[in-house]
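Below, each chain spelled out in residue letters.
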Amino acid sequence: MKDDNLFSPIKLKGLELKNRIMMSPMCQYSVNKKDGIPTDWHYQHYISRAVGGTGLVMVEMTNVEPDGRITDFCLGLWNDEQKEKFKKIVEGIHTNGAKAAIQIGHAGRKAENAETPVGPSAIPFDETFKTPRALENEEVYNMIEKYRYSVRAAVESGFDTIEIHGAHGYLIHEFHSARSNQRKDEFGQKLTLFGEKIIEAAREEMPEEMPLIVRISGTEFVADGYGIDGGIEIAKAYYEAGADIIDVSAGGEGPIPPFGKPGTHAGYQVPYARKIKEALNIPVIAVGRLDDFVLSNAVIGNDEADLVAVGRGLLRNPYWALEANQQLRKVDKNEIVPHQYLAGFR
Ligand SMILES: Cc1cc2nc3c(=O)[nH]c(=O)nc-3n(C[C@H](O)[C@H](O)[C@H](O)COP(=O)(O)O)c2cc1C
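About the cut-offs
Residues numbered from 1 in each chain as written. Predicted model: local features only at pLDDT ≥ 70, side-chain atom pairs only at ≥ 80, totals over all residues. Heavy atoms only, no water. Near = heavy atom within 4 Å. Polar contact = N/O pair within 3.5 Å; in protein donor to acceptor, adjacent residues only side chain to side chain. Areas by Shrake-Rupley, 256 points an atom, 1.4 Å probe, with all protein chains shown as cover. Nonpolar A, V, L, I, M, F, W, Y, C, P; charged D, E, K, R; others polar. Phe/Tyr/Trp six-rings, centres within 6.5 Å; stacked < 30°, edge-to-face > 60°. Helix = DSSP H or I, 4+ residues; strand = E, 2+ residues; numbered from the N terminus. Buried < 20%, exposed > 50% of the residue type's maximum accessible area, 1.4 Å probe, protein only. Axes fitted to C-alpha atoms, helices over the stretch in contact; angles between N-to-C directions. Left-handed = near helix turned anticlockwise from the far one by under 90°. Contact = heavy atoms within 4.5 Å. Salt bridge = Lys/Arg side-chain N within 4 Å of Asp/Glu carboxyl O. Pairing = 2+ DSSP bridges. Core = buried A, V, L, I, M, F, W, Y, C linked by side-chain atoms within 4.5 Å.

Section: the site of the ligand
- In the vicinity of the ligand lie 15 residues, with Ser-24, Pro-25, Gln-103, Arg-289 and Arg-312 positioned nearest.
- Contact distances for the ligand include 3.1 Å between an oxygen atom and a side-chain N or O atom of His-165.
- At 2.9 Å, a side-chain N or O of Arg-215 approaches an oxygen atom of the ligand.
- Protein burial of the ligand: of its 600 Å² of free accessible surface, 82% is covered by the chains.
- Class assignment of the residues belonging to the shell around the ligand gives a composition of 6 nonpolar, 6 polar and 3 charged.

Some thoughts on the packing of aromatic side chains
- If you walk through the whole model with that rule in mind, you get 9 aromatic pairs.
- Note on Phe-175 and Phe-187: the rings are 6.3 Å apart at their centroids and 80° apart in plane angle, and the pair reads as edge-to-face. Of the two residues, Phe-175 is situated in helix H4 (residues 171–176) and Phe-187 in helix H5 (residues 186–189); the sequence distance between them amounts to 12 residues. In this pair, the class of Phe-175 matches that of Phe-187, namely buried.
- When the centroid spacing of 6.5 Å and the interplanar angle of 80° are considered together, the rings of Phe-187 and Phe-194 count as edge-to-face.
- Judged by its relative accessible area of 0%, Phe-187 falls in the buried class.
- Accessibility expressed as a relative area gives 0% for Phe-194, which makes it buried.

Here we look at the packing of helix H3 (residues 137–157) against helix H6 (residues 193–205)
- Orientation of H3 relative to H6, taken along the N-to-C sense of each, is 35°, at an axis distance of 9 Å. For the pair H3 and H6, the sense of crossing is right-handed. Each of Val-140, Tyr-141, Met-143, Ile-144, Tyr-147, Arg-148, Val-151, Arg-152 and Val-155 in H3 lies in contact with H6, whose residues at this interface are Phe-194, Lys-197, Ile-198, Ala-201, Ala-202, Glu-204 and Glu-205.
- Residue composition of the contact of H3 with H6, by class: 11 nonpolar, no polar and 5 charged.

Overview of the pattern of salt bridges
- Counting across every chain of the model gives 23 salt bridges.
- Across the pair Glu-84 and Lys-87 runs a salt bridge whose closest N-O atoms are separated by 3.2 Å. With Glu-84 and Lys-87 both in helix H2 (residues 80–95) and 3 residues apart, this pair spans about one turn of that helix.
- Look at Lys-87 and you get partly exposed, because its relative accessible area is 26%.
- Because the salt bridges share partners, they merge into one network encompassing Glu-145, Arg-148, Arg-152, Glu-204 and Glu-205.

Observations regarding the environment of Asp-229
- With respect to the helices and strands, the residue Asp-229 is situated in helix H7 (residues 228–241).
- For Asp-229, a relative accessible area of 59% corresponds to the exposed category.
- Sequence separation between Asp-229 and Tyr-272 is 43 residues, and the spatial gap between their C-alpha atoms is 9.7 Å.

Topic: the pairing of strand E9 (residues 161–166)
- The buried fraction of E9 is high, at 6 of 6 residues.
- Because side chains alternate across E9, one face comprises the buried residues Thr-161, Glu-163 and His-165, and the other comprises Ile-162, Ile-164 and Gly-166, equally buried.
- Inspection of the sheet shows strand E6 (residues 99–105) paired to E9 by 4 bridges, in the parallel sense. Within E9, the residue paired with Ile-104 across the bridge is Ile-164.
- As judged from the 5 bridges shared by E9 and strand E10 (residues 212–217), these two strands associate in the parallel manner. Bridge assignment links His-165 to a residue of E10, and that residue is Arg-215.

Regarding the nonpolar core
- Residues Ile-162 and Phe-194 are the most contacted members of the largest nonpolar core, which totals 89 residues.
- Ranked by residues supplied to this core, first place goes to H3 with 8 residues.
- When residues no more than four places from it in sequence are discounted, the contact partners of Phe-194 are Val-140, Met-143, Ile-144, Tyr-147, Leu-171, Ile-172, Phe-175 and Phe-187.
- Listed in part, the 14 residues of the second largest apolar core include Ile-10, Met-22, Met-58 and Ile-245.

Topic: the side chain of His-42
- Relative to the helices and strands, His-42 resides in helix H1 (residues 40–51).
- For His-42, the residues in contact, after removing those within four places along its chain, are Gln-28, Ser-30, Val-31, Glu-60, Leu-75 and Ile-89.

Below you can see the structure in the form of structure tokens.
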């Protein structure tokens with residue numbers, strides 16, 4: 001009998017997860033000294049979600065260079081000092097029974113504090129953002145090496161899996177979107193080339209058995225943007241380049257006109273994950289208003305996605321997974337609730 005529910009374990013390459021619940025990456029803007037180094041805030045934030053029964057705890061967008069951050073208070077992974085602090089977070093996540101992931105990214109033209117942000121072309125996000133400088137061809141290759149460095153450092157920090165951020169209008173998304181990439185070189189002729197080369201570099205730094213996750217926007221919400229068919233093509237290109245799992249979000253590439261507004265109902269992005277899974281028959285992660293335990297359980301049970309990522313639900317309640325199990329009763333609570341907290345789950 002098929003036993004696919006929110007609390008069924010899963011093995012993705014060498015990564016064994018005790019359940020299908022992932023903490024979605026969420027920027028905390030909580031670095032103290034603009035140095036990209038994780039603080040005590042990050043430590044308690046991620047460890048409490050591991051205590052709360054989350055199977056895969058993903059650290060927020062962590063950037064490959066100082067000007068790649070959304071703000072100066074975002075995390076970075078371009079030096080050893082940062083790496084040492086991430087090691088502590090990984091150890092704490094492991095001690096509390098979860099697996100650890102980190103999202104590696106670059107904000108591109110959406111880097112708010114960079115004096116001159118960079119992008120594929122000199123096209124601003126909108127009139128409230130700075131106009132980026134188009135990366136020279138050689139700089140694009142250097143940028144790929146910066147991603148490589150951060151991925152290697154993440155592996156050395158002990159993370160069990162790595163997610164490359166290719167969604168939400170940040171640098172990789174800017175390259176694979178025709179609206180923001182009007183280059184004439186090879187990176188303009190093949191829009192997914194930049195992302196593919198980053199994935200290939202990442203794979204070279206990762207153990208064979210460690211799965212690589214790539215987050216993409218499955219659809220864009222703007223005029224002339226790509227739709228789900230474009231999302232499927234991008235997922236295919238990245239899968240063939242070496243990604244193992246596609247984390248399917250949406251949007252972020254420009255101001256959304258009224259006709260493009262996404263739904264805000266529960267599970268509003270699940271159809272994009274399901275369509276990519278159906279088209280390519282590959283593991284996918286669904287995200288977006290999946291706070292309802294029964295709904296999340298159904299997304300897994302109905303084979304719409306292999307994992308569900310919970311964002312705001314886990315900001316409100318670090319013990320989301322424990323409470324989901326309390327309601328759904330899929331696993332004996334003695335197996336998942338820390339003994340110190342059992343009295344709260346009788
Ligand atoms: C405070 C906050 C910070 C976020 N930061 C990131 C991020 O670092 N990387 C990312 O891919 N998505 C980020 N997101 C999007 C979430 O990961 C998630 O996709 C989105 O919130 C929808 O899921 P939810 O309805 O469960 O919150 C952020 C969302 C919030 C609310």
